[in-house]
Amino acid sequence: MSSLNVLAFGASRNIGYLSTLRLLEQGATVTLLLRSPSAFDEDAAMQKYVRSGHARLLKGDATIEADTQRAWDQAGVVDAVIFTIGTYPSFSLTKGFVQTPANLCTQCILNVLRTMPTYANTPQPKIVVLSSTGLGPAAHKALPALFKPLYGALLANPHRDKMGMEYTIAHCAGWTWDEKVHGKVPDAIMGEDWQKGLPARGALRRAVIVRAGFLTDGECIGDKVQGTGKKGYRVSQKELGGYTISRKDAAHFVVTALATDEFENTRINLTY
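In this text, all values refer to a predicted model and were calculated from it rather than measured experimentally.

Quick word on unusual backbone geometry
Step number 1: The amide bond that connects Thr100 to the next residue, Pro101, takes the cis arrangement and shows omega of -5 degrees.
Step number 2: Mapping Pro101 onto the fold places it in the loop between β6 (96-98) and α4 (104-114).
Step number 3: One non-glycine residue, Asn121, adopts positive backbone phi at about 60 degrees.
Step number 4: A relative accessible area of 84% means that Asn121 is categorised as exposed.
Step number 5: Positive phi outside glycine occurs at Asp193, with the angle close to 50 degrees.

Take a look at the structure:
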């Protein structure tokens with residue numbers, strides 16, 4: 001991990017932030033595209049790496065294609081990307097949780113992929129994208145009964161955006177998208193001419209979608225069981241039907257996924 005050059009989108013807090021710190025602690029260099037780099041002004045842990053040059057803070061907004069282009073340019077030859085963009089939605093009695101813009105994750109991943117460079121004699125960057133369990137009919141069916149109302153109604157709007165994000169990755173990676181299994185993404189989420197400027201279908205070869213369970217602020221069990229041969233959480237391409245995963249353990253897995261070819265070109269479910 002010592003020579004890994006990483007580009008991070010959505011790393012100002014939560015799983016993106018925790019993943020970035022883990023990478024920096026392991027010797028990686030991370031360029032972070034941030035709407036407000038000043039968010040780290042009082043963060044002693046991050047400032048240590050800013051001073052050493054291993055954490056490079058770049059002001060910008062991933063909803064703007066020119067800013068994602070600048071992020072790629074400033075980062076240099078990138079080995080890996082972590083994409084954990086999200087927002088705290090507001091609650092409406094009639095619509096459940098809503099976010100602005102409604103297609104935040106989708107628009108940002110479109111911009112990231114449209115501006116992703118092609119390197120001569122260098123492997124394509126590995127992209128780890130944070131998503132959620134419960135997206136689409138098959139995943140919703142596998143949810144615990146207590147979670148189905150939350151995911152099916154209250155979180156329906158943010159989850160349509162996550163589906164659009166996943167649909168974009170699936171298109172570029174050449175994965176099958178069966179609407180009966182994965183769900184139908186509304187046209188309003190994708191936008192007009194959404195395929196314009198993207199890598200050719202099947203050209204994205206190293207993407208990993210991490211469908212995390214309901215996120216909590218618990219401890220990192222992955223660290224506690226290190227060296228025992230256990231993971232501390234469940235990981236599978238199949239639906240797991242679990243309840244939760246801590247943000248720290250989700251970050252633990254994101255960094256693990258970057259370090260191994262075991263998790264590549266696939267969707268992964270992550271839960272306890």
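Here we look at the nonpolar core
Step number 1: Counting residues in each nonpolar core, the largest one holds 40 residues, and the members touching the most others are Leu7, Phe9, Trp72, Phe83, Leu113, Ile169 and Leu204.
Step number 2: When contributions to this core are tallied by element, the ones reaching two or more residues are β1 (5-9), α3 (65-75), β4 (80-83), α4, β7 (126-132), α7 (156-173), α9 (187-190) and β8 (207-212).
Step number 3: Counting residues per element, this core draws most heavily on α4, at seven residues.
Step number 4: If we ignore the near neighbours within four places in the chain, the residues touching Leu7 are Thr31, Ala71, Trp72, Ala75, Val78, Ala80, Val81 and Ile82.
Step number 5: In this structure, Ala28, Phe40, Ala55 and Ala212 belong to the second largest nonpolar core, which totals 36 residues.

Here we look at the packing of aromatic side chains
Step number 1: A complete count under the given rule lists nine aromatic pairs for this structure.
Step number 2: Between Phe253 and Phe263 the ring centres are 4.9 Å apart and the planes differ by 70 degrees, which places this aromatic pair in the edge-to-face class. You can see Phe253 sitting in helix α11 (residues 247-259) and its partner Phe263 sitting in the loop between α11 and β12 (266-271), a full 10 residues away along the chain. Phe263 shares its class with Phe253; the two are buried.

Structural notes on the side chain of Thr133
Step number 1: Tracing the backbone shows Thr133 in the loop between β7 and α5 (136-142).
Step number 2: Residue classification places Thr133 among the buried residues on the basis of a relative accessible area of 11%.
Step number 3: Those residues in contact with Thr133, other than ones at most four positions away along the chain, are Leu143, Tyr151, His159, Arg211, Ala212, Gly213 and Asn269.

A look at the pattern of salt bridges
Step number 1: For the structure shown, the criterion picks out nine salt bridges.
Step number 2: Lys126 is paired through a salt bridge with Glu264; the nearest N and O atoms lie 3.6 Å apart. Here Lys126, found in strand β7, pairs with Glu264, found in the loop between α11 and β12; they are 138 residues apart in sequence, far enough to count as distant.
Step number 3: Using a relative accessible area of 1% as the deciding quantity, one classes Lys126 as buried.
Step number 4: Note that Glu179 is salt-bridged to Lys184, the shortest N-O span being 4.0 Å.
Step number 5: Connected through salt bridges with shared partners, the residues Lys126, Arg206 and Glu264 form a single ionic network.

Overview of the side chain of Asn111
Step number 1: With respect to the helices and strands, Asn111 occurs in helix α4.
Step number 2: For Asn111, a relative accessible area of 2% puts it in the buried group.
Step number 3: Those residues in contact with Asn111 that sit more than four places away from it in its chain are Ala62, Thr63, Ile64, Glu65 and Thr68.

Scoring rules and cut-offs
- Residues numbered from 1 in each chain as written.
- Predicted model: local features only at pLDDT ≥ 70, side-chain atom pairs only at ≥ 80, totals over all residues.
- Heavy atoms only, no water.
- Helix = DSSP H or I, 4+ residues; strand = E, 2+ residues; numbered from the N terminus.
- Buried < 20%, exposed > 50% of the residue type's maximum accessible area, 1.4 Å probe, protein only.
- Core = buried A, V, L, I, M, F, W, Y, C linked by side-chain atoms within 4.5 Å.
- Contact = heavy atoms within 4.5 Å.
- Phe/Tyr/Trp six-rings, centres within 6.5 Å; stacked < 30°, edge-to-face > 60°.
- Salt bridge = Lys/Arg side-chain N within 4 Å of Asp/Glu carboxyl O.

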